[in-house]
Amino acid sequence: MSNLQHKHTQQLDREQLVHLLAVLRKEQTADLKLTNISVLDLVNGEVSPGPIVIDQGYIAAIGPEAEELTAIRTVDCKGQIAVPGFIDGHMHVETSTMTPFEFERTTLPLGTTSIVCDPHELVNVMGKPGIEWFLRCSEMMRQNMFVQVSSCVPAVAGLDINGSDFTVEEMRAYLDHPHVLGLAEVMDYPAVLNGSPTMLDKLEAFSSLNIDGHCPLLSGRELSAYVASGIQNCHETTNYQEGKEKLAKGMAVIMREGSVAKNLDALAPLITEFSSPLCLLCTDDRNPHEIAKEGHIDYMVRRLIQHHKIKPHLAYRVASWSAARHFGLQRLGLLAPGYKADINLVKNLDQVDIQRVVIGGQFVDELHLTDSVAAKLDASVPPLQPTLKHKAVTKDELAIPLTAGDYHVIEIIKDELLTNHLVCHFDGKQFDREGINKLAVVERYGHQLPPAKGLVTGFSLNQGAIATSVGHDSHNIVAIGADEHSMTIAINHLIAIGGGYCVVQDGKVSADLKLPLGGIMSLDSSEAITTQIVALKQATQAIGVEVAEPFVQMSFLALPVIPSLKMTVKGLVDVDKFELIELRQETPHSAATH
């Protein structure tokens, strides 16, 4: 292991180790002893007796050998079972719409004690200040927040316009930060396959650390080339065969269950005793409403056990130890001597009914996280400068002059970020397919470009419009509507409030959610955000929207790295070919779907 990797092991410092060793020699008193408790052994797949003795935030001993050790405080755990704290192997805090501190307050009590995040949403908006703010937050949080250095800002050069470049020279500056594990998701896989010098510079710079992947549907020689470049995992796997090939080629499969992309059911059968070290869990993009309704990583573990009949020790293993081993976090993910005391206490392994959470040897319910959020936010100085700089748009700018012919149409796929590429015929009055709405993407960084215009099906708006300033990954404004007038009102409202979500019905804004931090994050509590999301859901249903998470779903219509058809401020992108295409197809089509 290189010197760079050693700093990420959550190593005890010398003073902590000296005291812990003295505790084990029975010369010192430990901090905490958990009694009347059992322990899930993720290595042998067994439940063993406690107690657990904790000192200086780390586990000193477990089981009969811990009985004779003394502690300042003893807690009766009432027959509960201790399991390791959960690790989210890939996510973007920004797409929860919460700040890191609010995310911590919301998910830490649910047992998510560690997260591996890529702040590329905020970095795309504002560059270096975005990642530096995240790193300041990581230094102040109880939850272990590890930050991957964003690799593709913008996602693909030349296909979109974002707020800032993030060069390899700038990226290298964060190699030695103790909370940086490596390089974030490498989305521009054509640049990898073609040996782009700039991409190779990035891969080389982070070659001694973890390198995250992003390669939906890649297979065969192309996947082999991608893996050979040093990229170690992928969270964009959507089917069993795709996952099996990636595992066979040594790539970790990070199984995702977000607000829209729900891949856990398709990939759960991959988890076996053999494969579990290369199977991890992640949420990627999950909003407060979904977290409040279902849970976080705890929901995924519960579903693996109850729905897919995965053995509990395997379900808990892929939620903790597998991720810790993959990312080189040697003192996380397992309940064993010398490991950080990040512990979830459950009544029933199958129910994943978390009773209490311990982080670094302290009970989360005694930390008063609610009281510290505002102070931490002030201390971390969030970058709150205005980021929506486009002038108000007009109805005429959004009009699409349709004449008889064939048009490329984006079709959303339920519970997926993938889209279908349709070619639909317009006879001069109507399309040969029902439910087609207008789509616009408006550049927000002050270039004052005219809106890009397209067509989308699957949202089923019968009136009004919806709009968001969360448009992955460049975060330009995305609007979908039944008419240009409603779309104009929605877009201009977002410009006026500095970003967020909104719904327009009968010529008026019927619901919104303000996201003043970079136009992508709220400063409100998760409870307040959830209330506003519920109101937005009701407002979208009132105008005919049938998609469960319309704002999350539409935010990915502007991401030109996930097949098959997307739209950026530069126009329609055929992601299968990584090239811009015209809205109208000039040659007759023979098939409706690519």
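An account of the accompanying structure is given in this report. (Residues numbered from 1 in each chain as written. Predicted model: local features only at pLDDT ≥ 70, side-chain atom pairs only at ≥ 80, totals over all residues. Heavy atoms only, no water.)

Along helix α9 (residues 197-205), the positions that sit buried rather than exposed are Met199, Lys202, Leu203 and Ala205. Along the long axis of α9, the arc covered by the buried residues comes to 165°, so they all point the same way. α9 presents Pro197 and Glu204 as exposed residues on the side facing more than 90 degrees away from its buried surface. Buried residues in α9 make contact with α7 (168-172), β9 (180-186), α8 (189-193) and β10 (210-213). (Buried < 20%, exposed > 50% of the residue type's maximum accessible area, 1.4 Å probe, protein only. Helix = DSSP H or I, 4+ residues; strand = E, 2+ residues; numbered from the N terminus. Arc of directions from axis to C-beta. Contact = heavy atoms within 4.5 Å.)

Before going further, it helps to spend a moment on a nonpolar patch on the surface. A contiguous nonpolar patch, built from Leu17, Leu21 and Leu24 and spanning about 220 Å² of accessible area, is present on the exposed surface. Classification of Leu17 by relative accessible area gives partly exposed; the value is 36%. (Patch = residues over 30% accessible without salt bridge, like charges linked within 9 Å, V, L, I, M, F, W, Y side chains within 5 Å. Areas by Shrake-Rupley, 256 points an atom, 1.4 Å probe, with all protein chains shown as cover. Salt bridge = Lys/Arg side-chain N within 4 Å of Asp/Glu carboxyl O.)

Moving on, we come to the sheet that holds strand β6 (residues 86-91). The sheet built from eight strands is open, its strands ordered β6-β7-β8-β9-β10-β11-β12-β13 with parallel pairing. Only two strands of the sheet have a single neighbouring strand rather than two, namely β6 and β13 (279-282). Examined bridge by bridge, strand β8 (residues 144-149) and β9 share two bridges and lie parallel to one another. Residue pairing for β9: Val149 is matched across the bridge by Leu183. (Pairing = 2+ DSSP bridges.)

Sheet topology note: the strand β1 (residues 30-41)/strand β5 (residues 71-84) ladder contains eight bridges and is parallel. Each bridged residue has a counterpart across the sheet, and for Thr35 the counterpart in β5 is Asp76. Direction of pairing for β1 relative to strand β2 (residues 46-49): antiparallel, over a ladder of four bridges. Each residue of the ladder has a partner; that of Leu40, found in β2, is Val47.

As a further point, take the sheet that holds strand β27 (residues 579-581). The strands that make up a sheet pair up through hydrogen bonds in the backbone, lying either parallel or antiparallel. Reading across from one edge, β25-β26-β27 is the order of the three strands in this open sheet, with antiparallel pairing throughout. At either margin of the open sheet sits one strand with a lone partner, and together these are β25 (565-568) and β27. Each adjacent strand pair in this sheet contributes to an overall mean axis angle of 45°, direction not counted. One ladder, built from four bridges, connects β25 with strand β26 (residues 571-574); its direction is antiparallel. Bridge pairing links Met567 to Leu572 in β26. (Axes fitted to C-alpha atoms, helices over the stretch in contact; angles between N-to-C directions.)

Next up on the list: the packing of aromatic side chains. Considering all chains together, one arrives at seven aromatic pairs under this definition. For the ring pair Phe166 and Tyr174, a centre distance of 6.3 Å and an interplane angle of 35° mean the geometry is tilted. Under the relative-accessibility criterion, Phe166 is labelled buried at 4%. Ring plane angle 50° and centroid distance 5.0 Å describe the contact between Phe426 and Phe431, whose orientation is recorded as tilted. Here Phe426 matches Phe431 in class, with each residue buried. For the cation-ring pair, Arg325 lies above Trp321, with the distance from its terminal atom to the ring centre recorded as 4.7 Å. In this structure, Arg356 packs its charged tip against the face of Phe363, placed 3.7 Å from the ring centre. (Phe/Tyr/Trp six-rings, centres within 6.5 Å; stacked < 30°, edge-to-face > 60°. Lys NZ or Arg CZ within 6 Å of the ring centre and 35° of its normal.)

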